[in-house]
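Here's the letter readout for the chains.
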Amino acid sequence: MNKETEQGIREIFQQQKAFFKTNQTKDIEFRKTQLRKFRDVFSGHTDALCEALDIDLGKSRKEAEYVEIQIVLSELDYLLENIDEWAKPVPVESKPHPSGAEVVSKIIHEPYGVNYIIGPFNYPVQLTFSPLIGALIAGNTAIIKPSENTSHVAKVLEDIVKDSFDESYVAVVQGAIEENTLLLSLPFDYIFFTGSPNVGKIVMKAAAEQLIPLTLELGGKSPTIVHHDADLDKAVARISYGKWINCGQTCVAPDYIYIHESVKDQFLEKFKAYLKTTYPDGSLGKIGKIINANQIKHLAGYLEAAPEKVIYGGNYDLETRHFEATLMDHVNWDDQVMQQEIFGPILPIMTYTDIDEALEEINNRPKPLALYVFTESQAFADDVLNRTTSGDAEINSAIIHVGSHYLPFGGVGTSGMGKYHGKFSFENFSHSRSVLQVK
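Definitions and limits used
- Residues numbered from 1 in each chain as written.
- Predicted model: local features only at pLDDT ≥ 70, side-chain atom pairs only at ≥ 80, totals over all residues.
- Heavy atoms only, no water.
- Helix = DSSP H or I, 4+ residues; strand = E, 2+ residues; numbered from the N terminus.
- Contact = heavy atoms within 4.5 Å.
- Core = buried A, V, L, I, M, F, W, Y, C linked by side-chain atoms within 4.5 Å.
- Buried < 20%, exposed > 50% of the residue type's maximum accessible area, 1.4 Å probe, protein only.
- Pairing = 2+ DSSP bridges.
- Axes fitted to C-alpha atoms, helices over the stretch in contact; angles between N-to-C directions.
- Parallel < 35°, antiparallel > 145°, perpendicular 65-115°, else oblique.
- Nonpolar A, V, L, I, M, F, W, Y, C, P; charged D, E, K, R; others polar.
- Phe/Tyr/Trp six-rings, centres within 6.5 Å; stacked < 30°, edge-to-face > 60°.
- Lys NZ or Arg CZ within 6 Å of the ring centre and 35° of its normal.

Peer 1: Help me get a handle on the environment of Q15, residues and values and all.
Peer 2: As for its placement among the helices and strands, Q15 is situated in helix 1 (residues 3–21). When sequence neighbours within four positions are dropped, the list of residues in contact with Q15 reads E167 and S168.

Right, here's the structure in full:
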């Protein structure tokens with residue numbers, strides 16, 4: 001990184017510090033006006049975003065519009081509709097004053113100040129702009145660093161931001177490790193990071209040096225339990241959607257399946273038949289692209305370590321970055337594929353007869369970002385949720401919760417900290433300030 005780039009980053013940061021001190025962002029109408037302009041500009045770049053998402057990740061137009069663009073627009077409309085109510089002071093009960101004077105207590109929501117938002121490569125639009133609109137609706141300014149791994153999308157994101165905002169309010173900084181290291185050295189008021197646990201540790205360490213509050217949206221091995229009474233056809237279809245979308249590069253994708261031994265064979269036959277019907281060409285090119293060749297080699301290593309356990313798929317193309325939907329059977333916890341989050345279209349399958357043993361194995365590992373249970377028994381589902389911990393969970397479904405602005409989304413433990421979406425975004429990017437007044 002040259003001195004000119006470094007100086008430019010520092011100047012943008014200082015401009016945002018100065019702008020925040022003007023208190024303009026504390027005005028609700030200012031926030032709404034700015035976000036309405038952003039909405040118009042963002043919508044006008046739909047074609048450019050879809051084209052860039054196809055180049056970088058092989059996303060179809062349908063997938064790009066639904067999981068990247070419409071989710072942001074839906075979230076934004078919900079924030080604009082409700083911000084007036086959320087921003088009101090919240091009156092609370094008061095303890096008596098020692099003097100007997102009247103006491104009034106309330107909670108007000110204040111913006112933190114200048115925010116640093118670090119976007120990921122897997123959903124480079126949704127997971128960069130959803131935190132951004134949360135930060136802005138709460139009254140903050142923001143500097144964004146998109147992922148360098150999705151360079152075409154990053155350029156469109158920068159164009160959108162430049163057409164929507166003054167850089168003293170919102171700015172994009174392109175770059176990789178050097179730029180991120182510099183940005184993390186600056187005294188931001190809040191940091192929001194989406195990415196891997198390993199990089200999350202670096203971000204958290206940098207934030208700790210300056211005691212900067214932060215949100216970490218990480219990942220982990222999200223388990224999927226399929227009980228003997230589950231509707232297997234629905235389970236196959238819904239697990240497939242959650243696993244293969246974006247070629248498995250989804251932080252809440254089902255990472256592995258624990259299925260009851262009594263229905264495993266039937267389940268696998270249905271799964272293979274579904275894949276053959278849904279992806280008649282063997283799925284190469286139909287579920288998107290892996291981000292780069294190195295990641296393909298990494299994923300291929302799982303298959304090469306246990307080729308006898310690959311029961312469906314397993315083909316890939318380094319040049320086109322396509323990777324086939326792949327099933328692995330007879331997997332155990334010692335296999336290489338079970339040592340970390342897969343983040344690709346490989347689905348290991350394990351069995352259980354005693355749910356107690358399966359839950360013990362799950363609980364012996366780091367807390368996952370999501371947990372999925374397929375069963376027709378509410379009692380069984382409740383028991384699993386009661387005896388496990390995860391960032392979020394779904395029953396008879398997978399990854400749909402991410403698109404709901406009525407639910408807080410986020411991890412726990414090594415899968416992350418902090419929750420956002422909808423009102424929870426406003427609260428996440430706001431400081432709740434207690435105010436007590438004696439009359």
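Peer 1: Explain the nonpolar core residue by residue, including any values.
Peer 2: Grouped together as the largest cluster of nonpolar side chains are 113 residues, with contacts concentrated most on F42, F129, F267 and F271. Discounting chain neighbours no more than four positions away, the residues touching F129 are F38, F42, V72, I144, L157, I160 and V161. Of all hydrophobic cores here, the second largest spans 23 residues; its members include I9, I118, I143 and L214.

Peer 1: Any details on the pairing of strand 3 (residues 114–118)? Residues and values, ideally.
Peer 2: Judged by how many residues are buried, strand 3 sits mostly within the fold: five of five residues are covered. Alignment of strand 3 against strand 4 (residues 141–145), held across five bridges, turns out to be parallel. Note that in strand 4 the partner of V114 across the bridge is T141. One ladder, built from four bridges, connects strand 3 with strand 6 (residues 190–194); its direction is parallel. Within the sheet, the bridge partner assigned to I117 lies in strand 6 and is F192.

Peer 1: Summarise the sheet that holds strand 15 (residues 370–374); cite the residues concerned and give the values.
Peer 2: Across the sheet, which stays open at both edges, the seven strands sit in the order 10-13-14-9-8-15-16 with mixed pairing between neighbours. Because the sheet does not close on itself, it has two edges, and the strands there are strand 10 (310–312) and strand 16 (392–395). The mean inter-strand angle of the sheet, taken between neighbouring strand axes irrespective of direction, is 25°. Bridge count for strand 10 against strand 13 (residues 326–328) is two bridges, and the pairing is antiparallel. Opposite V310, over in strand 13, you have M328 as the bridge partner. In this fold helix 13 (residues 378–386) packs onto strand 8 (223–226), strand 14 (346–352), strand 15 and strand 16, with an angle of close to 160° to the strand it touches most, strand 15.

Peer 1: Could you give me a rundown of the sheet that holds strand 3, with the residues and numbers involved?
Peer 2: Ordered by their spatial adjacency, six strands build an open sheet running 5-4-3-6-7-17, and the pairing between neighbours is mixed. Taken across any chain shown, the strands that pair with only one partner, and hence form the sheet edges, are strand 5 (170–172) and strand 17 (416–417). Contacts from helix 6 (residues 151–164) reach strand 4 and strand 5, with the element oriented near 155° to strand 5.

Peer 1: Any details on the packing of helix 2 (residues 28–44) against helix 5 (residues 126–137)? Residues and values, ideally.
Peer 2: Packing of helix 2 against helix 5 leaves a shortest axis separation of 9 Å and a crossing angle of 160°. With respect to helix 5, the axis of helix 2 lies roughly antiparallel. Side by side, helix 2 and helix 5 meet where R31, L35, F38 and F42 of the first sit next to F129, I133, L136 and I137 of the second. Partitioning the contact of helix 2 with helix 5 into residue classes produces seven nonpolar, no polar and one charged.

Peer 1: A description of unusual backbone geometry should follow, citing residues and the corresponding values.
Peer 2: Residue N246 is not a glycine yet carries a positive backbone phi of 60°. Note on placement: N246 falls in the loop between helix 9 (232–244) and strand 9 (256–260). For N246, a relative accessible area of 1% translates into the label buried. The phi dihedral of I399 is positive, around 60°, even though this residue is not glycine. Relative to the elements of secondary structure, I399 occurs in the loop between strand 16 and strand 17. A relative accessible area of 10% means that I399 is categorised as buried.

Peer 1: Let's hear about the packing of aromatic side chains: which residues, and what values?
Peer 2: In the structure shown here, the tally under the stated rule is 26 aromatic pairs. For the ring pair Y256 and Y258, a centre distance of 6.1 Å and an interplane angle of 75° mean the geometry is edge-to-face. For the pair shown, Y256 and Y258 are each scored as buried. A cation sits over an aromatic face here: R365 above W333, 3.9 Å from the ring centre.

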